[in-house]
Amino acid sequence: MEAQYICRYHRHQPKDNQCSSSVVKHIKAPVDIVWSLVRRFDQPQKYKPFVSRCTVQGDLKIGSVREVNVKTGLPATTSTEMLELLDDQEHILGVKFVGGDHRLKNYSSITTVHPEIINGRPVTLVIESFVVDVPEGNTQERRATL
């Protein structure tokens, strides 16, 4: 099923100077609980351990912008991000980086959550994919690890 979801929802088309990747994880919780956390554009720290703080100005809607503070130890301290897509029926969240003190240029991500049953118990498949410009000076080998 993972491949079908990736083909359907995570079809990035990277340009020559970009790369893309995806991360897949099973969470031992029903989809409604997982989605209730993932959909919170205003509180990414609830499920992203590297986020220490987040503020959003105004209502939560497409086009909303959040300011994220990143925990120490990463090559950034802040990120400015815009909500591009929020679909509560299909469980899709789309985010684009529009600023910050990081090297991620033209970064755009899609996160989807999908219900599954494993060993008779409800679990959730979470897929997060992204496309981003490859930072200047990186080799072909380094591109493969981004």
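So, a few notes on the structure that sits alongside this text. These figures come from a predicted structure and were not determined experimentally.

1. Quick look at the side chain of Glu81
If you trace the backbone, Glu81 turns up in strand S4 (residues 78-87). Given a relative accessible area of 6%, Glu81 falls into the buried group. At 2.6 Å, the side chain of Glu81 and the side chain of Arg66 are in polar contact. At 2.8 Å, the side chain of Glu81 and the side chain of Ser79 are in polar contact. Leave out the neighbours within four places in its chain, and Glu81 touches Phe41, Ser64, Val65, Arg66, Val68, Val95, Lys96, Phe97 and Val98.

2. Looking at the pairing of S4
Here 5 bridges tie strand S3 (residues 65-70) to S4, and the two strands are oriented antiparallel to one another. Paired with Glu67 across the bridge in S4 is Thr80. Strand direction decides the pairing type here: S4 and strand S5 (residues 92-100), joined by 8 bridges, are antiparallel. Directly across from Thr80, in S5, lies its bridge partner Gly99.

3. Examining the side chain of His91
Looking at the element boundaries, His91 is found in the loop between S4 and S5. Classification of His91 as buried rests on a relative accessible area of 17%. A polar side-chain atom of His91 sits 3.5 Å from the main-chain carbonyl oxygen of Asp88. Beyond its immediate sequence surroundings of up to four residues, His91 is in contact with Val31, Trp35, Thr111, Thr112 and Val113.

4. Re the nonpolar core
Side chains that are nonpolar tend, in soluble globular proteins, to be buried together. Membership of the largest hydrophobic core comes to 17 residues, with the highest contact counts inside it found for Val34, Val38, Leu93 and Val113. Residue assignment for this core shows that the elements contributing at least two residues are helix H2 (31-38), S5 and strand S7 (121-133). If we ignore the near neighbours within four places in the chain, the residues touching Leu93 are Trp35, Val38, Tyr47, Leu83, Leu85, Leu86, Ser109, Ile110 and Thr111. Among the nonpolar cores identified, the runner-up in size contains 6 residues, and Tyr9, Ile92, Ile110 and Ile127 belong to it.

Definitions and cut-offs
- Residues numbered from 1 in each chain as written.
- Predicted model: local features only at pLDDT ≥ 70, side-chain atom pairs only at ≥ 80, totals over all residues.
- Heavy atoms only, no water.
- Helix = DSSP H or I, 4+ residues; strand = E, 2+ residues; numbered from the N terminus.
- Buried < 20%, exposed > 50% of the residue type's maximum accessible area, 1.4 Å probe, protein only.
- Polar contact = N/O pair within 3.5 Å; in protein donor to acceptor, adjacent residues only side chain to side chain.
- Contact = heavy atoms within 4.5 Å.
- Pairing = 2+ DSSP bridges.
- Core = buried A, V, L, I, M, F, W, Y, C linked by side-chain atoms within 4.5 Å.

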